[in-house]
Amino acid sequence: MTSKNLYFDLVREDLKRRIWAVGLAFLVFFLCLPVVSAMVTTEAVQNYENWIRNGTVFTGYTLETKLHERILDAAHDILGFENFFLSCTIVVAAFVAAITGFQHLNSKKQVDFYHSVPVRREILFTVRYLTGIGIMLAMYLLNLILAVIVFAVNGAGPAETIGPALITLLANMAGFCLIYGLMTIVMMLTGNFFIAVLGGIVVFSYIPVAALMCQTLMEIFFITTPGHHLSELFDNVVGYGSPFLAYIRMMSNGNNLNYSEYAAILPSVLKMFAVSVVMQAIATVLYRLRPSEAAGKAMAFSRTKAPIKFLLVTPCAAYAAVTFWLVYYRIGWAVFGFLMGLVISHCLIEIIYHFDFRKLFANLPHMGICAAFALAIIGFFYFDPIGYDRYVPKEGAFSSAAVTAPSLDDWHDYGIARVNADGAYEWNYLDENNYVENNMTVTDYGVIAELANAGAARAKEIKKWKLGGGPRYGSSEEEGPGFWTYMNVAYRLRNGKTVYRSYRVNVTELRDTFDRLYAGGEYKAGVYPVYGLAAESVTGVYAAKAGKISEITTDAELTGELFTAYKEDLAALTLEQRANEVPVASLRFLTVSEQEYIGMMTRSRVTGYTGSFRLDDMREVNFFPVYPSFEKTITLLADAGYDVDERLSADQIARIEVVNNYPYSTEQKGYAYYDYETEQSSEDDRHFTVRNDGSAENEKTIEEIVALAKPADLVKMNSLHGWNDNLEFRVFLKDEEDGMPEESYLDYILVTREVPESLKERIRYDRTESSSIHYGLNGNDLD
Amino acid sequence: MIEAKDLTKKFDDIVAVDHINARIRDGYVFGLIGTNGAGKSTFLRMASGVLKPDGGSIRIDGEDIYENVKAKSRFFYISDDQYFFANATPEEMQKYYRILYPKYDTQRFYRLLESFDLDKRRKIGTFSKGMKKQLSVILGICANTDYIFCDETFDGLDPVMRQAVKSLFANDMAERNLTPIIASHNLRELEDICDHVGLLHKGGILLSKDLDEMKLNIHKIQCVLRAGMKAEDLTGLDIAKTETRGSLLTLTVRGTREEIEDCMRSHEPLFFETIPLSLEEIFISETEVAGYDIKKLIL
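Cut-offs and rules
- Residues numbered from 1 in each chain as written.
- Chains lettered and ligands numbered in written order.
- Predicted model: local features only at pLDDT ≥ 70, side-chain atom pairs only at ≥ 80, totals over all residues.
- Helix = DSSP H or I, 4+ residues; strand = E, 2+ residues; numbered from the N terminus.
- Buried ≥ 20, exposed ≤ 12 C-beta atoms within 10 Å, placed from the backbone.
- Contact = placed C-beta atoms within 7 Å.
- Pairing = 2+ DSSP bridges.
- pLDDT = per-residue confidence, 0-100.
- Nonpolar A, V, L, I, M, F, W, Y, C, P; charged D, E, K, R; others polar.
- Axes fitted to C-alpha atoms, helices over the stretch in contact; angles between N-to-C directions.
- Parallel < 35°, antiparallel > 145°, perpendicular 65-115°, else oblique.
- Core = buried A, V, L, I, M, F, W, Y, C linked by C-beta atoms within 7 Å.

*Asks:* I keep staring at the overall build of chain B and nothing clicks. Help me out?
*Replies:* Regarding its fold elements, chain B presents eleven helices and 14 strands. Split into buried and exposed, the 299 residues of chain B put 40% on the buried side. Taking contacts inside chain B between residues at least 6 apart in sequence as the whole, the part at least 24 apart equals 70%.

*Asks:* For this particular structure, what's the right way to read the sheet that holds strand β2 (residues 14–24) of chain B?
*Replies:* Paired through backbone hydrogen bonds, the strands of a sheet run either parallel or antiparallel to each other. If you walk across this open sheet you meet the four strands as β2-β1-β4-β5 (chain B), and the pairing is antiparallel. Two strands bound the open sheet, and with one partner strand each, they are β2 and β5 (63–64) of chain B.

*Asks:* I tried to follow the confidence of the model for chain B on my own but got confused; where do I start?
*Replies:* Interpretation of the predicted coordinates at a detailed level should be avoided for regions scoring low in pLDDT. All names here are of chain B. The predicted model of chain B averages 88 in pLDDT, with 95% of residues at 70 or higher. The secondary-structure element of chain B with the lowest mean pLDDT is helix α11 (residues 294–297), recorded at 57, while strand β6 (residues 75–78) shows the highest, at 96. Scored as a whole, the predicted complex attains pTM 0.80, and scored at its interfaces, ipTM 0.88.

*Asks:* Help me understand unusual backbone geometry in this model?
*Replies:* Among all residues save glycine, negative phi is the norm, and among peptide bonds the norm is trans. Residue and element names in this part refer to chain B. Residues other than glycine seldom take positive phi values, yet N87 does so here, at roughly 65°. One can find N87 in the loop between β6 and α3 (90–100). Judged by C-beta crowding, with 12 C-beta atoms within 10 Å, N87 ranks as exposed. The residue E268 is not glycine, and still its phi comes out positive at about 45°.

*Asks:* Help me understand the interface of chain A and chain B, please; the structure alone is not making it clear to me.
*Replies:* Note on interface size: it is often stated as the accessible area lost on association of the parts. Counting from both sides, the interface comprises 21 residues of chain A and, opposite them, 20 residues of chain B. Those elements that place two or more of their residues in the side of chain A that touches chain B are α1 (3–17) and α5 (108–116) of chain A. Element by element, the count of residues in the side of chain A that touches chain B is highest for α5 of chain A, at seven residues. Partitioned by chemical class, the residues of the side of chain A that touches chain B number nine nonpolar, four polar and eight charged.

*Asks:* Is there a simple way to think about the packing of helix α5 (residues 129–141) of chain B against helix α6 (residues 159–176) of chain B in this case?
*Replies:* How two helices sit against one another is set out by the angle between their axes and by the gap between those axes. All names here are of chain B. Here α5 crosses α6 at 5°, and the two axes come no closer than 11 Å. Overall, the two elements α5 and α6 adopt an arrangement that is roughly parallel. In this structure, α5 contributes G130, Q134, V137 and I141 to the contact, and α6 contributes M161, V165, L168 and D172. For the contact of α5 with α6, a count of residues per class yields five nonpolar, two polar and one charged.

*Asks:* I would appreciate a short explanation of the nonpolar core in the present structure.
*Replies:* One broad trend across soluble globular proteins is that nonpolar side chains are buried collectively. With 253 residues, the main nonpolar core has A317, A321 and V403 of chain A together with F149 of chain B as its most contacted residues. Setting aside residues up to four positions removed in sequence, V403 of chain A forms contacts with M440, V442, M487, V489, L517 and Y523 of chain A. Formed by eight residues, the second largest nonpolar core is a distinct cluster that contains L249, L251, V253 and I260 of chain B.

*Asks:* Any chance you could explain the sheet that holds strand β12 (residues 238–245) of chain B here in plain terms?
*Replies:* All names here are of chain B. If you trace the four strands from one edge of the open sheet to the other, you get β12-β13-β11-β14, paired in antiparallel fashion. Pairing within the sheet leaves two strands with one partner each, and these edge strands are β12 and β14 (271–275). Ignoring which end each strand starts from, the neighbouring axes of this sheet average 20° apart. Two strands pair when backbone bridges link them, and β12 and strand β13 (residues 248–254) are joined in this way by seven bridges, in the antiparallel orientation. Counterpart to K241 in the pairing with β13 is T252. The strands touched by helix α9 (residues 257–266) within the sheet are β11 (218–224), β13 and β14, with β11 carrying the most contacts at an inclination of about 20°.

Structure follows, in structure tokens:
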């Protein structure tokens, strides 16, 4: 008998044994695919019949086209990546197939039977392994065909559905093979069902959990750890550290694709298949090496016991120590946590290994080794022998750097409109840190080194302080006076590497250095996206102030002049100017792609387009501040008829709602939030309303408010100037100008401690206490 | 020929088979005797390629057995608790074995099923323990392999069935030189079938001898000596054991029958006769020589 015949004969026999799996897989896929397909198509057809009955009309669509579109959408949902139940089926089936396929290895009786017959173990394994995959594939494919037929009968032809459906099938099978492969390896390594399940949980979660533990330890002990980069790094480790999560991530990525883009997932699918082939090879070798006497034992290979125990006990002890230490920052609790984590995990594993509670203290030397390594891990993070927090690149190794300091330039959302694979425009928000890291190239080593050294010195203080009594970490009294900011630095080295660090620095103390950094064009070119725009791509200029967007010009010449003037003014801007000035307006330089995008959005909205970006969001993104010192820009804006100094008058205002964040004393309670106009208590006792009801007193108060308060959107574009958060003003206009919806309002805020006198008296505002003052760069007080 | 040289197998700290040396000649029935835990099953599991020896070797005609398909196709292993597929019938089991053993005799399988009164379509799960044992033997014997390994196979068979199985073995030994290797903890089960016996104890082999050889070299003499004579006075006899009941002496004596009878005659007893020894008695005397009390080992 040839081995080929033998193989197929054994497959046939194996299928007889696993006929239950065939039936179960068919049933589940049948419900997930053709049955659901039939249900949704029936519903779509019913809707179509209702449309005819009701005389429904869709603009630009015939009813048949609309029905076809609905059915095609349903086909995409069911046959594509969006079918959540299909993904769940794949995951559960992979675990079940691996466990049931190789459960015989845990039975001495069955092992004696299978391993005494004249068949190579590799053949026995391959038959079992591939039959498991074959059952899934066959049942999936069969039901997929049935589902495609269901859709075809209802008008969505196979040409429209089969391609993406097959890609989804490949992706699902890749995920199945990956999970199945690893679980099979677990089955090879264990000799008992219960231990196999436990082992599966450990293996499938070990790398993600270990990565999260490592990330936590870094964030606790390495003060200069760059949070966002660390998260990205560990997200990848977590995402690809387990077949289950890798599969979920791939399906999630696929879910974000349009149907026509499904092929983009194929490289990931192929990688998964490649990895699953490697897993199959490993599992085959393990099957061959697996001693038959392992049946019924906890672990199939004695040699794996100690390493696995080490890999589990060591992090348990280290992490338990740190966790208990974090509760009270006391060494005693750390020791308790350490011993608890060490002893419990070690004893538990020994009990499991021996299936005997009395063996809980077996192999005590192993516990000692684990303890030593756990202490080494804690020591590594605690004492920082590699000088992680001290790191500053040497001048010879330094190439350039990118610096983000959120307290200096905390930008609003920024993004660009891009053309996707379908040729349509779509909006992409840009992460501020990523933008800066990709666009800023500060080459002045002196500036960077001064900032980094100051940051490293501060990190040392923070660590000492944190490890000494942590709870007060971050409190303002510990930081001392001055304007503090976090600072993320990406060091680009000559060897091509990029090293990331995050610091806490006092801008006031480093004012000279920051002035040099800010004055240099490299910083601004990297942090202000306006420098990334090409002049020829700018099609028009729009100004925004207090929620009102105005078109300044679409004239190419004036647009170009304004664009150039703004960039020049911005380049000349100093930190000192920013510390003293509040933006008077903000400008948007609309690009060609943005214009296209807006046009597409406007057209799509009619057809029910639901993108992630709406027209209203244009108020929030890509506007740049205009400071009073921007003379060239302001002059050109004035030439174009836009007065940056124009402010609201009392006549335009219907009412102003004052939100009082000021902490009031007991005797003031019940007074500050009494509505004088209505003579009723406000529902929200923090709100006080001044209505423009014609009374001289209210008109005066309103005049005083609009004279002192500034639009919050402009004020908060510059965090180097202080503002007073004790009071917020919600300005409701008489005319709902510019299409502002009813009950929407404009936010105003004070940039001074000065409070309108008439208002101060009416709400008993006491400025001696300052709870919500945002301090600017130039001192601890406002103007 | 199956040959074990220094064959050793450990399970963690327990030495299950300890440097066993044995030769199993083709065409003879090899009995493997020992108490529970003596290492019989472990020996057979190594002989059938289920377990990999930790030391030494076990070979069929010079070829290692473990993971050797060619060697494994020459035997059929019946474990002490044979596995049958869930819900399988004898017929389905036969179909599976037919794939694995090219010389499988399907017609004989059905004939034997009928003669043993086993229903080919009845689920094996409903069979009694004895019926399962019968089925195992039938499945094994129809595989037409050179060797058949039986681990406690006769345990659970009634005397009639035991005899029937022995007849099957005898038939195949005669027709195609089958070599059965039978492990049992019960000496009496093997008495009338084994040609060669290996006695295992605590993983080691105490003795391994042909039964005929043992029978030729040890005899039981019942005699009545002249007045005043004692067993010690019978010089020239290698007496292994003496039992006295009144004036009747029962002696277990080593040596050929002729030598012993000549010697007895020379001492002019009032009466003597040579009677055959049971396998049990042979083992008692043989193991006593080795310093063991056989009754504690296997009886």
